[in-house]
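Here is what each chain is made of, one letter per residue.
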Amino acid sequence: QVQLVESGGGLVQAGGSLRLSCAGSGRTFSNYAMGWFRQAPGKEREFVAAITWNAGSTYYADSVKGRFTISGDNAKNTVYLQMNSLKPEDTAVYYCAANWPGVPRTTAQWDYWGRGTQVTVSS
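Note that the structure is a prediction, hence the values are computed from the model and not measured.

Caption draft 1: Broad picture of the pattern of salt bridges. Scanning the model with the defined rule gives four salt bridges in all. Measuring nitrogen to oxygen at the nearest pair gives 2.6 Å for the salt bridge that ties Glu46 to Arg38. Judged by relative accessible area, Glu46 falls into the partly exposed class, the value being 37%. On the accessibility criterion, Arg38 (5% relative accessible area) is buried. Of the charged contacts in the structure, one is a salt bridge between Lys65 and Asp62, with a shortest N-O distance of 3.2 Å. The same class applies to Lys65 and to Asp62, which are both exposed.

Caption draft 2: The arrangement of the environment of Ala61 in detail. Residue position: Ala61 is located in the loop between strand E6 (58–60) and strand E7 (68–73). Overall, Ala61 belongs to the buried group, its relative accessible area being 14%. Sequence separation of Ala61 and Phe47 is 14 residues, and the distance between their C-alpha atoms is 6.5 Å. Not counting chain neighbours up to four residues away, the residues in contact with Ala61 comprise Phe47 and Val48.

Caption draft 3: Local environment of the sheet that holds E7. Strands sit in the order E1-E3-E8-E7 across an open sheet of four strands; the sheet is antiparallel. With one partner strand each, in any of the chains shown, strand E1 (3–7) and E7 form the two edges of the open sheet. Each strand axis lies, on average, 15° off the axis of its neighbour in the sheet, ignoring direction. Bridge count between E7 and strand E8 (residues 78–83): six bridges; the pairing is antiparallel. Residue Ile70 lies in a different strand from E8, and its bridge partner there is Leu81.

Caption draft 4: Looking closely at the state of the cysteines. For the structure on display, the rule yields one disulfide. Two residues, Cys22 and Cys96, share a disulfide whose sulfurs are 2.0 Å apart. Between Cys22 and Cys96 the sulfur-sulfur dihedral comes to about -75°; the bridge is accordingly left-handed. Residue Cys22 is found in strand E3 (residues 18–25), and its partner Cys96 is found in strand E9 (residues 92–99); the two are separated by 74 residues along the sequence. Judged on exposure class, the residue Cys22 and its partner Cys96 are both buried.

Caption draft 5: Summary view of the packing of aromatic side chains. By the definition in use, this model includes five aromatic pairs. Between Phe37 and Trp110, the ring centres sit 5.3 Å apart and the planes meet at 80°, which makes this aromatic pair edge-to-face. Here Trp110 lies in the loop between E9 and strand E10 (112–113) and Phe37 lies in strand E4 (residues 33–39), a separation of 73 residues in the sequence. Here Phe37 and Trp110 have matching classes, each one buried. Put simply, the rings of Phe37, Phe47, Trp110 and Trp113 touch in pairs and so form one group of aromatic residues. The lysine or arginine in question, Arg45, covers the ring of Tyr95, its NZ or CZ lying 3.7 Å from the ring centre. Note that Arg45 overlies the ring of Trp113, its terminal NZ or CZ placed 4.7 Å from the centroid.

Here is what the cut-offs are and how they apply
- Residues numbered from 1 in each chain as written.
- Predicted model: local features only at pLDDT ≥ 70, side-chain atom pairs only at ≥ 80, totals over all residues.
- Heavy atoms only, no water.
- Salt bridge = Lys/Arg side-chain N within 4 Å of Asp/Glu carboxyl O.
- Buried < 20%, exposed > 50% of the residue type's maximum accessible area, 1.4 Å probe, protein only.
- Helix = DSSP H or I, 4+ residues; strand = E, 2+ residues; numbered from the N terminus.
- Contact = heavy atoms within 4.5 Å.
- Pairing = 2+ DSSP bridges.
- Axes fitted to C-alpha atoms, helices over the stretch in contact; angles between N-to-C directions.
- Disulfide = S-S within 2.5 Å.
- Phe/Tyr/Trp six-rings, centres within 6.5 Å; stacked < 30°, edge-to-face > 60°.
- Lys NZ or Arg CZ within 6 Å of the ring centre and 35° of its normal.

If you want it as C-alpha cells, here you go:
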C-alpha cells in the first residue's frame, strides 16, 4: 500500500523559512513524479512544485519561483520543499503527491496523496 506522509509544517513569521518533507513508502518512487500542492481555506488546491526523479526536472508555480526549492533523496524515497522568504499568503495545508510516470496536466490526475501538513505564516 502506497503511503505519503508529510512533515515539517508549523507557524513561522513572514520572511522566515520552513522545510517540508514527504516520506513515501509502499514502492520505489524512482520512476515517479513527486509534487507539492497547497490549499488555503475557501480556495481550490493549487500546484506549488514538482520534480521528476529520472530527468531531474523541476517545475514551480510562478508564485513561489525564487523562494521555494523542491528536491529529493531517491534512496530515502523522500522529497523536500524548502520554503524561504515566506509570506502570509503562503498559509495553507501543504500536500505531497506522486504520479507515474510523470507530471500530469491536472491536479486530479495525480495518483497518490498525503494527508497534508499545515503551514501558517504570520505577518
